[in-house]
Amino acid sequence: MNKEIIKLDFSFQDKIITLILKCLKNKDDISAAKILPTKKNAENFYQLEIFPHIFSEDYCFGYLINNKLIAISCCSTQINNQYECREKVGIGVVDMVDPDYRRLGVSKLLRKHIANKLKNNGINKVYLEIKTQNQASLFCASKVIKELQGKSNLHSYRIEYNYD
């Protein structure tokens, strides 16, 4: 079985959209809005959330098994180019694993891969936004932080409210 982590480019667009659609059909919360599992929404999510990372040659990696894209993870560093910051930071934006390949440590491998790339480029702080109900992702992030001998702090809560 051939397994590899690769930097994603535009040639993976169709595979990425297919993965997004599969995650949406699995009712994964990949967006702040509860978007419906349609091809149009998968394409729009790609254009708004993944395309910018690839275009800017930011940190966007995929995990392939036998040439099938089963996971993607992206981290943005563009804030460092747009603002004068006290320190360089990465902002974890997208982490998605094919529902058929979960609980195999794929997300952990991708997150560690990106963390090492960031560290090698002088970025020692990463901000992640993980929904509290996504216990698997919270657990995975905690394991990666511990294995990289990092420290984590909860800095904010996102509050959602409705008008009735």
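Figured I'd write up the structure that's included with this text. Residue positions are counted from 1 within each chain, in the order its sequence is given. Per-residue local features of the predicted model are confined to residues with pLDDT of at least 70, and side-chain atom pairs are confined, for both listing and counting, to 80 or more; whole-chain, interface and lining totals are unaffected and use all residues. Note that water and hydrogens are dropped before the side-chain values are worked out from all heavy atoms of the structure.

**Some details on the nonpolar core**
Quick reminder of the rule: Residues belong to one nonpolar core when they are buried, are Ala, Val, Leu, Ile, Met, Phe, Trp, Tyr or Cys, and are joined through side-chain atoms within 4.5 Å. Only protein chains enter the accessibility calculation, which uses a 1.4 Å probe; a residue whose area is less than 20% of its type maximum is buried, one above 50% is exposed, and one in between is partly exposed. What counts as a helix is a DSSP run of H or I of at least four residues, what counts as a strand is a run of E of at least two, and both are numbered from the N terminus.
Counting 22 residues, the largest nonpolar core has L8, I16, I20, I50, I72 and M96 as the members making the most contacts within it. Among the elements of the structure, helix 1 (13-25), helix 2 (39-55), strand 2 (59-65), strand 3 (68-76) and strand 4 (89-97) are those that each provide at least two residues to this core. In terms of residue count, helix 1 provides more of this core than any other element does, seven residues in total. Residues Y63, A71, L110 and I114 belong to the second largest nonpolar core, which totals 13 residues.

**Examining unusual backbone geometry**
With a phi close to 55°, E57 is a non-glycine residue in the positive phi region. Counting through the fold element by element, E57 comes out in the loop between helix 2 and strand 2. Under the relative-accessibility criterion, E57 is labelled exposed at 65%. Its identity as a non-glycine residue notwithstanding, N66 has a phi of 50°, on the positive side.

**Describing helix 2**
Note the following rule: The seven residues ending at a residue and the seven starting there each receive a fitted axis; the angle between those axes is the bend at that residue. In this analysis, two residues are considered to be in contact whenever any of their non-hydrogen atoms come within 4.5 Å of each other.
At Q47, helix 2 is deflected by roughly 40°, the largest bend along its length. All buried positions along helix 2 are accounted for by A42, F45, Y46, I50, H53 and I54. Packing partners of the buried residues in helix 2 comprise helix 1, strand 2, strand 3 and strand 4. Following helix 2 by one or two positions, E57 has its phi on the positive side, about 55°.

**With respect to the pattern of salt bridges**
Counted only if it meets this: By definition here, a salt bridge exists when the distance from a side-chain nitrogen of Lys or Arg to a carboxyl oxygen of Asp or Glu is within 4 Å.
Considering all chains together, one arrives at seven salt bridges under this definition. For K22, the salt bridge identified is with D98, shortest N-O distance 3.1 Å. Placement of the pair is K22 in helix 1 and D98 in the loop between strand 4 and helix 4 (106-120), with a sequence separation of 76 residues. Overall, D98 belongs to the buried group, its relative accessible area being 2%. Between D100 and K22 there is a salt bridge, and its shortest N-O distance comes to 2.5 Å. Here the residue D100 occupies a position in the loop between strand 4 and helix 4, and K22 occupies one in helix 1, the gap between them amounting to 78 residues.

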